[in-house]
Amino acid sequence: MSLWEYANPVKFIRTTDVVLPWVSVLAVLCLVVGLIWGFFFTPEDYRQGSTVKIIYLHVPAALMAINAWMMMLVASLIWIIRRHHVSALAARAAAPVGAVMTLIALATGALWGQPMWGTWWAWDPRLTSFLILFLFYLGYMALWSAIEDDDTAADLTSILCLVGSVFAVLSRYAVNFWNQGLHQGASLSLDKEENVADVFYFPLLVCIAGFVLLFIALVFLRTQTEIRARRTRALIAREQQG
């Protein structure tokens, strides 16, 4: 069995119809457990107080904001190279989800930053690159909506996705590229010494799992919707020509 079999719209819909309910249930379970555990059963931080609990929304949302764009990049490259419509539609389906994740990250970052930095916003390298990434999300969605021909829209948005990937990378590694800025280093790292304390770490992992599963579920659902919408447009165009 080849992975490319799932580029067939019928195969994709049949497979995701089976997988989607399980992914959705696991997403809800992880989010409920992780958020309740994090907000109600972890102590206050000795420096940040209860403000630190924003981490259970901010970090997973920021992580998914970046990785959603990376998923769109991979799907766009598949479209450019292989011309599989499902990949282009999956990228389109992921964009609104990624935009909402980016907005959540920006909003929770402001709520976190105000008591810690004394300001809601600063032109910090990571914050600025995240704002630009959000604007790229909006531009990507607007470009899809502005072009009637799906193939042309997929081509142009794929190019935009390639350009926007630079800011997705900067959003993740800006703190490493520039020493200046208010934003702290990574809360999660392969270097265990850089991770948050275990009492915050484990519920955070559960929340991240919930956000990942929620993203997958929403992308599956939205991709199915995009496939059906494309079919409907094709049938309408065929009837009008006939």
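Residues numbered from 1 in each chain as written. Predicted model: local features only at pLDDT ≥ 70, side-chain atom pairs only at ≥ 80, totals over all residues. Heavy atoms only, no water.

In the nomenclature of an unreviewed UniProt entry, the protein corresponds to Heme exporter protein C from the organism Puniceibacterium antarcticum. Database annotation for the protein, UniProt heading Sequence similarities (unreviewed entry): "Belongs to the CcmC/CycZ/HelC family." As stated in UniProt under Function (unreviewed entry), the record for the protein gives "Required for the export of heme to the periplasm for the biogenesis of c-type cytochromes." (UniProt positions renumbered as here; feature names shortened; annotations may be inferred.)

Another aspect to go through is the nonpolar core. By size, the foremost hydrophobic cluster in this structure holds 36 residues, and its most contacted members are Trp69, Met72, Phe130, Tyr137, Tyr140 and Phe215. Going through the elements one at a time, helix 2 (55–82), helix 3 (85–117), helix 4 (125–146), helix 5 (150–177) and helix 6 (198–241) are the ones with two or more residues in this core. For this core, the leading source of residues is helix 2, giving eleven residues. Setting aside residues up to four positions removed in sequence, Trp69 forms contacts with Leu133, Phe136, Tyr137, Tyr140, Leu160, Cys161, Gly164, Ser165 and Ala168. Counting ten residues, the second largest nonpolar core, distinct from the first, contains Val52, Ile54, Trp112 and Cys207. (Core = buried A, V, L, I, M, F, W, Y, C linked by side-chain atoms within 4.5 Å. Buried < 20%, exposed > 50% of the residue type's maximum accessible area, 1.4 Å probe, protein only. Helix = DSSP H or I, 4+ residues; strand = E, 2+ residues; numbered from the N terminus. Contact = heavy atoms within 4.5 Å.)

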